[in-house]
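# Architecture and fold: a report
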Amino acid sequence: MNLERLTARVTQELDTALSDLPDAEKEAILEIVQRAMLDASSRTHRELKQAAVICCGPEADLAHKIQEQMDQKRDMLIANLTAMR
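Described below are features of the structure shown in this document.

Cut-offs used in this document
- One numbering rule holds for all chains: residues counted from 1, following each sequence as written.
- Where local features are concerned, this predicted model is filtered to residues with pLDDT of at least 70; where side-chain atom pairs are given and counted, the filter is 80 or more; whole-chain, interface and lining totals use all residues.
- To obtain the side-chain values, all non-hydrogen atoms of the structure were used and water was disregarded.
- The helix count covers DSSP runs of H or I at least four residues long, the strand count covers runs of E at least two residues long, and both are numbered beginning at the N terminus.
- Partly exposed describes any residue whose relative accessible area lies between the buried limit of under 20% and the exposed limit of over 50%, with all areas from a 1.4 Å probe on protein chains only and scaled to the type maximum.
- Residues are treated as being in contact if the distance between any of their heavy atoms lies within 4.5 Å.
- The Shrake-Rupley method, run with a 1.4 Å probe, gives the accessible areas here. Residue values count only the displayed protein chains as cover.
- What qualifies as a polar contact is a pair of N or O atoms within 3.5 Å, subject to a donor-acceptor requirement within protein and to the restriction that residues adjacent in sequence count only when both atoms come from side chains.
- Any helix carries an expected span of 1.5 Å times its number of residues minus one.
- We count a salt bridge whenever a side-chain nitrogen from Lys or Arg sits within 4 Å of a carboxyl oxygen from Asp or Glu.

Helix and strand counts for the protein come out as three helices and zero strands. Scanning the protein from its N terminus toward the C terminus, one meets helices and strands in the order α-α-α. The proportion of buried residues among the 85 residues of the protein is 20%. Long-range contacts, defined as pairs at least 24 residues apart, comprise 49% of the intrachain contacts of the protein with a sequence gap of at least 6. Accessible surface, the protein as shown: approximately 6400 Å² in total, 55% of it carbon and sulfur.

In structure tokens form, the structure reads like this:
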């Protein structure tokens, strides 16, 4: 799932659907949706990281490498979503 495309699509759909609202209210709603997506992404990331550590217990180096890659991807996602503000 490409979250950047999903975020762009949702933002555009919300902007169209909320065209009657004042800009301040529209921005508040878009920010709520953005925070919800970030929260969902962070929770998913945390759960996947725990699963990787559990399944690769004896191979801790592999688990740490997977964790580092997941951390980098999460940081990139957060940077992209923040830039969309």
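Read on, since the account is not over.
Within the element layout of this structure, Lys-26 appears in helix α2 (residues 23-55). A polar contact of 3.3 Å, which involves the side chain of Lys-26, links it to the side chain of Asp-15.

Here we come to α2. In this model α2 runs 48 Å from its N-terminal to its C-terminal C-alpha over 33 residues, within 8% of the 48 Å that 1.5 Å per residue would give. Listed as buried for α2 are Lys-26, Leu-30, Gln-34, Met-37, Leu-38, Ser-41, His-45 and Ala-52.

Turning to its location among the elements, Thr-82 is positioned in helix α3 (residues 60-83). The partly exposed category is assigned to Thr-82, whose relative accessible area is 40%. Distance in space between the C-alpha atoms of Thr-82 and Gln-34 is 8.6 Å, their sequence separation being 48 residues.

Moving on to the pattern of salt bridges. Opposite charge on two side chains makes pairing possible when the charged atoms of those side chains draw close. In the structure shown here, the tally under the stated rule is six salt bridges. Measuring nitrogen to oxygen at the nearest pair gives 3.3 Å for the salt bridge that ties Lys-26 to Asp-15. Of the two residues, Lys-26 is situated in helix α2 and Asp-15 in helix α1 (residues 3-17); the sequence distance between them amounts to 11 residues. Asp-75 serves as the salt-bridge partner of Arg-74, at 3.0 Å between the closest nitrogen and oxygen. Linked by salt bridges that have partners in common, Asp-15, Asp-23 and Lys-26 make up one network.

A word on the side chain of His-45. By the element assignment, His-45 lies in helix α2. On the basis of relative accessible area, His-45 is assigned to the buried category, the value being 9%. A polar side-chain atom of His-45 sits 3.4 Å from a polar atom in the side chain of Asp-71. When neighbours within four sequence positions are excluded, His-45 is seen to be in contact with Met-70, Asp-71 and Arg-74.

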